[in-house]
Amino acid sequence: AQTIHQWPVAEIKAVGSPLSLGCTIKGKSSPNLYWYWQATGGTLQQLFYSITVGQVESVVQLNLSASRPKDDQFILSTEKLLLSHSGFYLCAWSPSRGRGTEVFFGKGTRLTVV
Amino acid sequence: AQKVTQTQTSISVMEKTTVTMDCVYETQDSSYFLFWYKQTASGEIVFLIRQDSYKKENATVGHYSLNFQKPKSSIGLIITATQIEDSAVYFCAMRDGTSSGQKLVFGQGTILKVYL
């Protein structure tokens, strides 16, 4: 069975500080990977997706970047946090076979920027 | 661009009754995929059910079923015999075809409260 692990579970960071969030997917080779962001009480907004190692596509510009250093790992980062970065970050995956497949989510990281 | 709209902000129902949540979508694609997800109080996002646009039959999984009305671009979620644990936020989503199918667009969500 596939498992998706996100870290950390929660973070409190200062404005202007760097950030690195990560997720690992086990039990599935070459998955499509995604990062989503959710403001409190809001909907899910896709930030990035990756269909292969080393290749990441940006969907929304939020002064964030993403990388896929390994087949099973996806990293979200920024060098300088803004207050507007606060929210809930979700990593997700789907099988690589097509767009009709479901997307499955990790448990998320709650980020508070102060 | 694809768009998904859920106009019901919040619904309250008595336990063991049936509830329907509405969702309408916009797309230029001739083939597309629609999904419903549930977000629990802990924030966990759980996949519930899916409808392929080329299928005429409404999808059913457990006590979840869909009311797919393609001419109206509508995909309602029906939950029968609701339980307290069905209380959550429900999101409708559509898989976007313009970016190699890698964009999943979500609606605003509907809060469901089930009471005794």
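Scroll up a little and you will see the structure.
Definitions and limits used
Residues numbered from 1 in each chain as written. Chains lettered and ligands numbered in written order. Predicted model: local features only at pLDDT ≥ 70, side-chain atom pairs only at ≥ 80, totals over all residues. Heavy atoms only, no water. Disulfide = S-S within 2.5 Å. Helix = DSSP H or I, 4+ residues; strand = E, 2+ residues; numbered from the N terminus. Buried < 20%, exposed > 50% of the residue type's maximum accessible area, 1.4 Å probe, protein only. Pairing = 2+ DSSP bridges. Axes fitted to C-alpha atoms, helices over the stretch in contact; angles between N-to-C directions. Contact = heavy atoms within 4.5 Å. Buried area = accessible area lost by both parts, 1.4 Å probe. Salt bridge = Lys/Arg side-chain N within 4 Å of Asp/Glu carboxyl O. Polar contact = N/O pair within 3.5 Å; in protein donor to acceptor, adjacent residues only side chain to side chain.

A. Representation of the state of the cysteines. In the structure shown here, the tally under the stated rule is two disulfides over all chains. In this model Cys 23 of chain A forms its disulfide with Cys 91 of chain A; the gap between the sulfur atoms is 1.9 Å. Of this pair, Cys 23 of chain A sits in strand E3 (residues 19-26) while Cys 91 of chain A sits in strand E9 (residues 87-94), and the two are 68 residues apart along the sequence. Take Cys 91 of chain A: its relative accessible area is 0%, and that puts it in the buried class. Cys 23 of chain B shares a disulfide with Cys 92 of chain B; S-S distance 2.1 Å. Taking the sign of the S-S torsion, -70 degrees for the link of Cys 23 of chain B and Cys 92 of chain B, the bridge is left-handed. Pair noted here: Cys 23 of chain B is in the loop between strand E3 (19-21) and strand E4 (24-26) and Cys 92 of chain B is in strand E10 (residues 88-96), with a separation of 69 residues, a long-range link. Of the two residues, Cys 23 of chain B and Cys 92 of chain B, both sit in the buried class.

B. Spotlight on the sheet that holds strand E7 (residues 65-70) of chain A. All names here are of chain A. An order of E1-E3-E8-E7 is seen for the four strands of this open sheet, with the pairing classed as antiparallel. Of all strands in the sheet, those bounded by a partner on one side alone are strand E1 (3-7) and E7. Across the sheet, the mean angle from the axis of one strand to that of its neighbour is 20 degrees, orientation sign disregarded. Pairing between E1 and E3: five bridges, direction antiparallel. Across the sheet, residue Gln 6 finds its bridge partner in E3, namely Cys 23.

C. Here's a closer look at unusual backbone geometry. Residue and element names in this part refer to chain A. The step from Trp 7 to Pro 8 runs through a cis peptide bond, and the omega angle for that step is -10 degrees. Along the chain, Pro 8 falls in the loop between E1 and strand E2 (10-13). Positive phi outside glycine occurs at Ser 30, with the angle close to 50 degrees. Its place among the elements puts Ser 30 in the loop between E3 and strand E4 (32-38). Note on Ser 30: relative accessible area 37%, which makes it partly exposed.

D. Representation of the interface of chain A and chain B. With 24 residues of chain A in contact, the opposing surface of chain B contributes 25 residues. Roughly 2000 Å² of surface becomes buried between chain A and chain B when both sides are summed, with 52% attributable to carbon and sulfur atoms. The interface formed by chain A and chain B includes two salt bridges. Taking the shortest distance from any N to any O, the salt bridge between Glu 102 of chain A and Arg 50 of chain B comes out at 2.6 Å. Taken together, the connections running from chain A to chain B amount to eight residue pairs in polar contact (both at pLDDT 80 or more). Contributions of two or more residues to the side of chain A that touches chain B are made by E4, strand E5 (44-52), E9 and strand E10 (104-105) of chain A.

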